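Next come the chains, spelled out residue by residue.
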Amino acid sequence: MAERPQVLIVDDEPNMRRVLAALLERESCEVLQAADGVEALRVMDENVVHVIVADLRMPNMDGLELLKRVNGRDPDLPFIVLTAHGTVDAAVEAMKLGAFDFITKPFEKDELLAVARKAMRSARLDALEPGGPGVAGDSRRHRIIGASSQMQAVFALIEKVAGSPTTVLLTGESGTGKELVARALHAESKLSRQPYIRVNCAAIPRELIESEFFGYEKGAFTGAVTSKPGRFELADGGTLFLDEIGEIPLEMQVKLLRAIQEHEFERVGGLRTLRVNVRLITATNKDLQRSVAEGTFREDLYYRLNVVHIRLPPLRERPEDLPLLCAHFVERFNERLGRRIEGFEPEAMASLRRYHWPGNVRELENLVERCVLFADGARIAPSDLPEEVRGVGGGAPDAADADPMALKSRVRAAAERVERDLIDKALKLCDHNVTRAAKLLRISRKSLQVKMRDLGLREIKET
Ligand SMILES: Nc1ncnc2c1ncn2[C@@H]1O[C@H](COP(=O)(O)OP(=O)(O)OP(=O)(O)O)[C@@H](O)[C@H]1O
Ligand SMILES: [Mg+2]
């Protein structure tokens, strides 16, 4: 679907429509408008609509009724509900009816955009790949998996820069796929038939770094019985990937900077100046800007390396990638281990979503391997998971799995979220005066207190 996403805004207040339209148009959406449900259906008859944002309280046909009608026509169309203080019950009802998500009025710009983007992604991915969301274009070949917007942005960057020999800095926590991306950048480039040389800067003793990078001449130091080319020379014409660049000592940084800037260097103990042409990719899980501030990393080198920056997001920031990654790894380890595991049970998947993944994709990969090896049933159950991953209760899964149980728990979670959100905002607006908040929410004080207790919200007593 190359065309722009078409969003239908349904609200009886022209001002609200105007605000929403302006925000969404800035996100390069085509915006269609309707003042109530009846008009919305008419617009839908005449246009392709990818996402609906609808108010709940409207004359003629309200949002709930519209949602039911839309469900009858196209149950997969993401339907975002605008809820206000008087409509808690209706909003909860809408989530139960399968609304995609909700936005509580008054909303923050970012809040709206986050939800809208999520909906567009869902609409577009489904349109793109009938078999469900998949990996973007060229990155497919390298099996870099990711359907999240963060990973799609990474893929877009890879595609953009792979063709030119630009210097790239990869950052991200351990296990987020930096090395995988470095290989992809090389493989996608015009240099793919040229050498790809990786150096793990953290693994080389500091007194050997220079000779590793630049090579040495016979007799340069005790033990140098022959001459040896360094990694820069070996990578000539291709890609040099300096991994863990944050670890190289300061004195070496000067020499590295020169080699990068002038494309020249000398072997240790050598007099000849050598010239090479390499495409440089560096990676680190350190915050280099902080190292610069702390004086352990040269600022000029940092800027030289940071021509294009690709940040690999931690897994915990993109739980929506978990199902795809799991399927990918289950398939891989089934093959390797001669097993036939079908996947994860929804409850197990829910645990994966709640877990914080300090070791990111590498940790997930190891976990799937163990599970595929040891699982008793056809599917990986919560009891197959290590204790720290299984965790205890809390948090709700982020998106529904195809499974009805997971769907149910998603609806329950969403309904709870909409209530909590509205009650929270009402309480803040009323300076935590429960009586006034209840009035605003159009429910009794008693039932507000019950809901607050159920949701674990504390009543703040006025002084
Ligand atoms: N998006 C992804 N899709 C598929 N596999 C991935 C993805 N990200 C990471 N992996 C896998 O996870 C493991 C760790 O990835 P990689 O070695 O690239 O991480 P890293 O960021 O370089 O980690 P470190 O900083 O610890 O070296 C690898 O086996 C890699 O194939
Ligand atoms: Mg690495």
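Residues numbered from 1 in each chain as written. Chains lettered and ligands numbered in written order. Predicted model: local features only at pLDDT ≥ 70, side-chain atom pairs only at ≥ 80, totals over all residues. Heavy atoms only, no water.

1. Regarding the site of ligand 1
Keep this limit in mind: Proximity is defined per residue: any heavy atom of the residue falling within 4 Å of a molecule or strand makes that residue near it. Per-residue and other accessible areas follow the Shrake-Rupley method at a 1.4 Å probe size, with only the shown protein chains counted as cover for residues. Each helix is a run of H or I in the DSSP string that is no shorter than four residues. Each strand is a run of E no shorter than two, and both are numbered from the N terminus. Any residue that is not Ala, Val, Leu, Ile, Met, Phe, Trp, Tyr, Cys, Pro, Asp, Glu, Lys or Arg is counted as polar, Gly included; the first ten are nonpolar and the last four charged. For each domain, the first and last residues come from an automatic or database assignment.
Residues in close proximity to ligand 1 total 17 residues, the closest being Ile145, Ser174, Gly175, Lys178 and Glu365. Considered on its own, ligand 1 offers 620 Å² of accessible surface; in the complex 88% of this is hidden by protein. If you list the elements that add at least two residues to the shell around ligand 1, you get helix H7 (178-188), helix H13 (322-337) and helix H15 (360-374). Of the residues that constitute the shell around ligand 1, the class distribution is 7 nonpolar, 4 polar and 6 charged. Composition of the shell around ligand 1 by domain shows at least three residues from each of domain 2 (137-311) and domain 3 (316-390).

2. Section: the packing of aromatic side chains
Note the following rule: To pair, rings of Phe, Tyr and Trp, with the six-membered ring standing in for Trp, must have centres within 6.5 Å; the planes then decide the type, stacked if under 30 degrees apart, edge-to-face if over 60, and tilted in the middle. Each residue is placed in one exposure class: buried if its accessible area under a 1.4 Å probe, protein chains only, is under 20% of its type's maximum, exposed if it is over 50%, and partly exposed if it falls in between.
This model, assessed by the stated rule, comprises 9 aromatic pairs. On the numbers, 5.2 Å between centres and 40° between planes, the contact of phenylalanine 214 with phenylalanine 232 is tilted. Highlighted residues: phenylalanine 214 in helix H8 (residues 206-214) and phenylalanine 232 in helix H9 (residues 231-234), separated in sequence by 18 residues. Of the two residues, phenylalanine 214 and phenylalanine 232, both sit in the buried class. One aromatic cluster is present, formed by Phe213, Phe214, Phe232 and Phe265 through successive ring pairs.

3. Side note on unusual backbone geometry
In this model, histidine 263 sits at a positive phi of 60°, which is unusual for a non-glycine residue. Positive phi is not limited to glycine here, since histidine 432 has a value of about 65°. If you trace the backbone, histidine 432 turns up in the loop between helix H17 (404-429) and helix H18 (434-441). Relative accessible area serves as the criterion here: at 27%, histidine 432 is assigned to the partly exposed category.

4. Some remarks on the pairing of strand S3 (residues 51-55)
Using the following cut-off: Two strands qualify as a pair provided DSSP detects at least 2 bridges between them.
With respect to burial, S3 is a largely interior element, 5 of its 5 residues being buried. Burial of the side chains of S3 extends over both faces: Val51, Val53 and Asp55 are buried on one face and Ile52 and Ala54 on the other. Inspection of the sheet shows strand S1 (residues 6-10) paired to S3 by 4 bridges, in the parallel sense. Within S3, the position partnered with isoleucine 9 by the bridge is valine 53.

5. As for H8
Quick note on the threshold: Any pair of residues with heavy atoms lying within 4.5 Å of one another is described as a contacting pair.
Where H8 is concerned, the buried positions are Ile209, Ser211, Phe213 and Phe214. On its buried face, H8 sits against strand S7 (196-200), strand S8 (215-216), H9, strand S10 (239-243), helix H10 (250-262) and strand S11 (264-266). A positive backbone phi angle near 85° is found at glycine 215, which sits one or two residues after H8.

6. Details of the domain arrangement of the protein chain
Our working definition: The term buried area means the drop in 1.4 Å probe accessible area that two parts suffer when joined, counted for both and summed. Between Lys or Arg on one side and Asp or Glu on the other, a salt bridge is scored when a side-chain nitrogen of the former is within 4 Å of a carboxyl oxygen of the latter.
Each assigned domain of the protein chain is listed here: domain 1 (6-128), domain 2 (137-311), domain 3 (316-390) and domain 4 (404-454). Taken over C-alpha atoms, the centre of domain 1 sits 22 Å from the centre of domain 4. Facing the 19 residues of domain 1 at the interface are 16 residues of domain 4. Buried surface at the junction of domain 1 and domain 4, both sides included, amounts to about 1500 Å², of which 65% is carbon and sulfur. The largest share of the area that domain 1 buries against domain 4 comes from His85, Val88 and Phe102, three residues that together contribute 40% of it. For the interface between domain 1 and domain 4, the tally reads 1 salt bridge.

7. Overview of the side chain of arginine 267
Position of arginine 267 among the secondary structure elements: in the loop between S11 and strand S12 (273-275). Excluding anything up to four places from it in sequence, arginine 267 contacts Phe214, Gly215, Tyr216, Glu217, Ser227, Lys228, Pro229, Glu233 and Leu274.

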